[in-house]
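# Coordinates in review
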Amino acid sequence: MTGNNDPPATIELDGWESVQPYVEITVDGVSLVLCHYPFRSWRGMDKGSVNLHGHSHGRLKPQLRQFDVGVDVWGFRPVTLPTILDSCSRR
């Protein structure tokens, strides 16, 4: 997802599979709403959709099924969707 600190030179680099500010996808049966910015409401939230976002650097109190997936929140390492979803039970 593109964010507020991504200059055109980064976005225009070869190798990206997708470059867009917002997308809705399903992964392993989980409906995801992806955006750099967090939402207070998102499409499908009443039907179990999950919002994955960055931007807030772990400072925003999340809602149910909303996760800050910025690298600074996850120890600057890749994180899997099951790990992200499992973190909900530890909140």
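The structure under discussion appears in the preceding block.
The structure displayed is predicted, hence computed values, not measured ones. The residue numbering used here restarts from 1 in each chain and proceeds along that chain's sequence as written. Owing to the predicted nature of the model, reporting of local features is limited to residues with pLDDT of at least 70; listing and counting of side-chain atom pairs is limited to 80 or more, with chain, interface and lining totals taken over all residues. Side-chain descriptors were evaluated using all non-hydrogen atoms of the structure, hydrogens and water having been removed beforehand.

## A look at the layout of surface pockets
Taken as a whole, the largest pocket holds about 650 Å³ of empty space. Lining the largest pocket are 30 residues, and of these His53, Gly54, Val69, Gly70 and Val71 lie nearest its centre. Going through the elements one at a time, β1 (22-27), β2 (30-35), β3 (50-53) and α2 (81-86) are the ones with two or more residues in the lining of the largest pocket. Numbering of helices and strands runs from the N terminus; a helix is a DSSP stretch of H or I covering at least four residues, while a strand is a stretch of E covering at least two. It is β2 that contributes the most residues to the lining of the largest pocket, 3 residues altogether. Throughout, the ten residues Ala, Val, Leu, Ile, Met, Phe, Trp, Tyr, Cys and Pro are labelled nonpolar, Asp, Glu, Lys and Arg are labelled charged, and all others, Gly among them, are labelled polar. Here the residues of the lining of the largest pocket sort into 14 nonpolar, 12 polar and 4 charged. Think of a 1 Å grid over just the protein atoms. A cavity is a set of points where a 1.4 Å probe fits yet cannot get out, a pocket is an open set with protein on both sides within 12 Å along at least five of seven lines, and lining residues have an atom within 4 Å of a point. Grid points are joined across faces, edges and corners, and a volume is the space filled by probe spheres set on the points. Of the voids in this model, the second largest pocket is the one considered here, and its volume is about 300 Å³.

## Concerning the nonpolar core
Formed by Val23, Val30, Leu32, Leu34, Val50, Leu52, Phe67, Leu81 and Ile84, the largest nonpolar core amounts to 9 residues. A total of 3 residues in this core trace back to one element, the largest contributor, which is β2. We call two residues contacting when some pair of their heavy atoms lies within 4.5 Å. Leave out the neighbours within four places in its chain, and Leu81 touches Val27, Val30, Leu32 and Leu52. Residues belong to a common nonpolar core when they are buried Ala, Val, Leu, Ile, Met, Phe, Trp, Tyr or Cys residues joined through side-chain atoms within 4.5 Å. Exposure categories follow from relative accessible area, calculated using a 1.4 Å probe and restricted to protein chains: below 20% of the type maximum is buried, above 50% is exposed, and the middle band is partly exposed.

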